[in-house]
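As a plain string of letters, each chain reads:
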Amino acid sequence: MRVKWGCRSTQASVDNSNNAPHINVTFGHDAGVIGLSSALDLMVTTGTNEERMATFMPYKDFPMGANIAWQLFKNSDDKYAVRMLHNERIVNFQIDGCMDTELCEWDKVNEFYAQPEYSVMPERVPEPGKEKETKKEELVTNF
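How each quantity is defined
Sequence order as written defines the numbering, with residues in each chain counted from 1. With pLDDT at 70 or above as the cut-off, local features in this predicted model cover only qualifying residues; side-chain atom pairs require 80 or more to be listed or tallied, and sums for whole chains, interfaces and linings still use all residues. Heavy atoms throughout the structure, all of them, feed into the side-chain values; hydrogens and water do not. Only a pair of cysteine sulfur atoms within 2.5 Å qualifies as a disulfide here. Three exposure classes are used, based on accessible area relative to the maximum for each residue type with a 1.4 Å probe and protein chains only: buried under 20%, partly exposed in between, and exposed over 50%. Note on scores: pLDDT gives the predictor's confidence for each residue, bounded by 0 and 100. Only DSSP runs of H or I with at least four residues qualify as helices, and only runs of E with at least two residues qualify as strands; both kinds are numbered from the N terminus onward. The set of buried Ala, Val, Leu, Ile, Met, Phe, Trp, Tyr and Cys residues whose side-chain atoms join them within 4.5 Å is what this entry labels a nonpolar core. We call two residues in contact when some of their heavy atoms are within 4.5 Å. Here a polar contact is taken to be a pair of N or O atoms separated by no more than 3.5 Å, where protein atoms must pair a possible hydrogen donor with a possible acceptor and residues adjacent in sequence count only if both atoms sit in side chains. Think of it as the arc spanned by the lines of direction from the helix axis to the C-beta atoms. Paired strands, as defined in this entry, are two strands with at least two bridges between them according to DSSP. Any carboxyl oxygen of Asp or Glu that lies within 4 Å of a side-chain nitrogen of Lys or Arg is treated as forming a salt bridge with it.

(A) Representation of the state of the cysteines in the model. For the coordinates displayed, the defined rule picks out one disulfide. There is a disulfide in this structure between Cys 98 and Cys 104, and the S-S distance comes to 1.9 Å. An S-S torsion of about 50 degrees defines the bridge between Cys 98 and Cys 104 as right-handed. According to the relative accessible area criterion, Cys 98 is buried, its value standing at 1%.

Below, the structure written as structure tokens:
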């Protein structure tokens, strides 16, 4: 899942707000957006197959230009909050204390997505700006 990567990128902007990027964009295919939407609880993932399929509308939720965005805001107390958009529409984080509000405190979002289930294969997901060093031995197939 790319949720953990999104948290790392957002935390980098919080830590270095004076010279943080104004926009941080990653791209993926519909299958990636569907998986991310599921991880962010933007899709119904419980219930019977019929109940789940009744709400699954790829033409609406995952059109050609589907996107999920986090907007980071800083208030006068130097506290940060995040707003999530799905296809340019505001959606609430499905986190306790954030389900009924447009902005969610960054600390809550970061803590929630730091849980182990959002860290799929963390050794393969480098921190932004840091690429994994490939060893020559890894490039040779053993038969």
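(B) A look at the confidence of the model for the chain. Summarising the model, the chain shows a mean pLDDT of 75, and 71% of its residues fall at 70 or more. Per-element averaging of pLDDT across the chain places helix H1 (residues 3-15) at the bottom with 72 and strand E4 (residues 104-105) at the top with 94.

(C) The nonpolar core, seen in detail. Ranked by internal contacts, the top residues of the largest apolar core, which has 15 residues, are Phe 93, Ile 95, Trp 106, Val 109 and Tyr 113. Looking at this core, the elements with two or more residues in it are H1, strand E2 (80-86) and helix H5 (106-113). Discounting chain neighbours no more than four positions away, the residues touching Phe 93 are Trp 70, Val 82, Arg 83, Met 84, Cys 98, Met 99, Cys 104, Val 109 and Tyr 113.

(D) Spatial organisation of the side chain of Asn 87. With respect to the helices, strands and loops of the structure, Asn 87 is situated in the loop between E2 and strand E3 (89-91). At 2.9 Å, the side chain of Asn 87 forms a polar contact with the backbone nitrogen of Asn 67.

(E) Region of the structure containing H5. Those residues of H5 not exposed but buried are Trp 106, Val 109 and Tyr 113. One side of H5 carries all its buried residues, which in axial view fall inside an arc of 65 degrees. When the buried face of H5 is taken as reference, the exposed residues oriented beyond 90 degrees from it are Asp 107 and Glu 111.

(F) Structural detail: the pairing of strand E1 (residues 68-74). Examined bridge by bridge, E1 and E2 share seven bridges and lie antiparallel to one another. From the neighbouring strand, Ile 68 faces E2, where its bridge partner is His 86. Between E1 and E2, which pair antiparallel in sequence order, lie five residues; one of them, Asp 78, sits at a positive phi of approximately 60 degrees.

(G) Layout of the pattern of salt bridges. With the rule as written, the count across this model stands at two salt bridges. Between Lys 74 and Asp 78 there is a salt bridge whose closest N-O contact spans 3.5 Å. Given the relative accessible area of 52%, Asp 78 is considered exposed.

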